[in-house]
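Residue-level listing of the chains:
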Amino acid sequence: MEYITWEPKFETQISLIDSQHKVLFNLINELFNAMKLGKSNSILSETLTELINYTNYHFKAEEELMEEYNYVNLEQHKKEHKACVQKVLFFYQRFIVDEAALSIEILEFLTDWLTDHILIKDQNFTKTITGSEL
């Protein structure tokens, strides 16, 4: 079952970025399914760790591409990436320290943040490098 579904509206027309975004969608869905099925904390921890690691990998790739194109809003974009990572790490630390079950709150945060970020911030970058509306 999917918690978040990839739709054409999320496409940036940059194949590297789109493929990485799709992986993030899949990882969110994996986390959702693990939570829904009541998987053990070790499985949830592994899934969440994979999501955190891939998010960092994606943000680095995106920022490098923005640097290559001298994107004017790069520093603001980096700040938003950093804030997202910090929030996810907060959820992770709370999960590990409290040994509490992950709540739907993390899925809601990730979904809201990712869709908003793709639809607004990443699309702005796409417009900048293509010089047009997509």
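The paragraphs below set out a description of the structure included in this document. (Residues numbered from 1 in each chain as written. Predicted model: local features only at pLDDT ≥ 70, side-chain atom pairs only at ≥ 80, totals over all residues. Heavy atoms only, no water.)

## What to know about the overall build of the protein chain
Note the following rule: A helix here means a DSSP run of H or I that spans at least four residues, while a strand means a run of E at least two residues long, and both kinds are numbered starting from the N terminus. The size measure is the radius of gyration over C-alpha atoms, and the globule rule it meets is 2.2 Å times the number of residues to the 0.38 power. Every residue pair with non-hydrogen atoms within 4.5 Å of one another is taken to be in contact. Here the Shrake-Rupley method, with its probe set to 1.4 Å, supplies the accessible areas, and only the displayed protein chains count as covering residues. In this tally, Lys and Arg are treated as positive and Asp and Glu as negative; His is ignored, and so are the chain termini. Note that the charge is assigned to NZ on lysines, CZ on arginines, CG on aspartates and CD on glutamates.
Regarding its fold elements, the protein chain presents four helices and zero strands. Along the chain direction, N to C, the helices and strands of the protein chain fall in the order α-α-α-α. Against the 2.2 N^0.38 benchmark of 14 Å for 134 residues, the protein chain shows a C-alpha radius of gyration of 15 Å, consistent with a compact globule. Of the contacts made within the protein chain by residues no fewer than 6 positions apart, 70% connect residues no fewer than 24 positions apart. For the protein chain, the exposed surface amounts to about 7600 Å²; the carbon and sulfur share of it is 52%. When the 12 basic and 22 acidic side-chain charges of the protein chain are each reduced to a single mean position, those positions are 3 Å apart.

## Looking at the nonpolar core
The tendency in soluble globular proteins is for nonpolar side chains to be buried as a group. In plain terms, the rule: For the purposes of this section, nonpolar cores are sets of buried Ala, Val, Leu, Ile, Met, Phe, Trp, Tyr and Cys residues that join through side-chain atoms within 4.5 Å. Buried residues are those whose accessible area, probed at 1.4 Å on protein chains only, stays under 20% of the maximum for their type, while exposed residues exceed 50% and partly exposed ones sit between those limits.
Core analysis: the largest hydrophobic core is formed by 29 residues, its most contacted members being Leu 31, Leu 48 and Leu 51. Counting only elements with at least two residues in this core, the list comes to helix 1 (15-36), helix 2 (41-68), helix 3 (74-98) and helix 4 (104-130). Ranked by the residues each element gives to this core, the list is headed by helix 1, at eight residues. In contact with Leu 48, other than residues within four places in its own chain, are Leu 31, Val 88, Tyr 92, Leu 102 and Ile 106.

## Re helix 3
Heads up, the condition is: One less than the number of residues in a helix, times 1.5 Å, gives the span that helix is expected to have.
Over its 25 residues, helix 3 runs 36 Å from end to end, which matches the ideal 36 Å to within 8%, given 1.5 Å per residue. If you check which residues of helix 3 are buried, you get Leu 74, His 77, Glu 80, His 81, Cys 84, Val 85, Val 88, Phe 91 and Phe 95. Buried residues along helix 3 sit in contact with helix 2 and helix 4.

## Some points on the packing of helix 2 against helix 3
Selection criterion: Lines are fitted to the C-alpha atoms to define the axes, a helix being fitted only along its stretch in contact, and any angle between axes, read from their N-to-C directions, falls within 0 to 180 degrees. These descriptions rest on fixed angle ranges, namely under 35 degrees for roughly parallel, over 145 for roughly antiparallel, 65 to 115 for roughly perpendicular, and the rest for oblique. Nonpolar residues are Ala, Val, Leu, Ile, Met, Phe, Trp, Tyr, Cys and Pro. Charged residues are Asp, Glu, Lys and Arg, and all others, Gly as well, are polar.
Relative orientation of the contacting elements helix 2 and helix 3 amounts to 170°, with a least axis distance of 11 Å. On the basis of their axis angle, the class for helix 2 and helix 3 is roughly antiparallel. The class makeup of the residues in the contact of helix 2 with helix 3 is 13 nonpolar, seven polar and four charged.

## Let's talk about unusual backbone geometry
The phi angle at Gln 13 is positive, at roughly 70°, despite the residue not being glycine. Here Gln 13 shows up in the segment before helix 1. Phi at Asn 70 takes a positive value of approximately 50°, unusual for a residue other than glycine. Within the secondary structure, Asn 70 is located in the loop between helix 2 and helix 3.

## Describing helix 1
The end-to-end C-alpha separation of helix 1 is 31 Å, in line with the 32 Å expected for 22 residues at 1.5 Å each. Just downstream of helix 1 lies Gly 38, where phi reads positive at about 70°.

## Brief notes about the side chain of His 21
To keep it simple, the criterion reads: Side-chain atoms alone can form a polar contact between residues adjacent in sequence; in general such a contact is a pair of N or O atoms within 3.5 Å, and within protein one must be able to donate a hydrogen while the other accepts it.
Position of His 21 among the secondary structure elements: in helix 1. Assessed through its relative accessible area of 0%, His 21 is described here as buried. Of note is the side chain of His 21, whose polar atom sits 3.0 Å from the side chain of Asp 122. For His 21, the residues in contact, after removing those within four places along its chain, are Trp 6, Thr 12, His 58, Glu 62, Ile 118 and Asp 122.

## Let's talk about the packing of aromatic side chains
Heads up, the condition is: Aromatic contacts are taken between Phe, Tyr and Trp rings whose centres are within 6.5 Å, Trp giving its six-membered ring; a plane angle under 30 degrees counts as stacked, one over 60 as edge-to-face, and the others as tilted. Working rule: Lys NZ or Arg CZ, within 6 Å of ring centre, within 35 degrees of ring normal, means a charge sits over the ring.
For the structure on display, the rule yields 10 aromatic pairs. With centroids separated by 5.3 Å and ring planes inclined at 50°, the aromatic side chains of Tyr 54 and Tyr 57 adopt a geometry described as tilted. One end of the pair, Tyr 54, and the other, Tyr 57, are both in helix 2, three residues apart, so they sit about a helical turn from each other. Residue Tyr 54 is classed as buried on the basis of its relative accessible area of 19%. Overall, the relative accessible area of 49% leaves Tyr 57 in the partly exposed class. Put simply, the rings of Trp 6, Phe 10 and Phe 25 pair up and form one aromatic cluster. Taking the ring centre of Phe 109 as reference, the NZ or CZ of Lys 87 above it sits at 5.9 Å.

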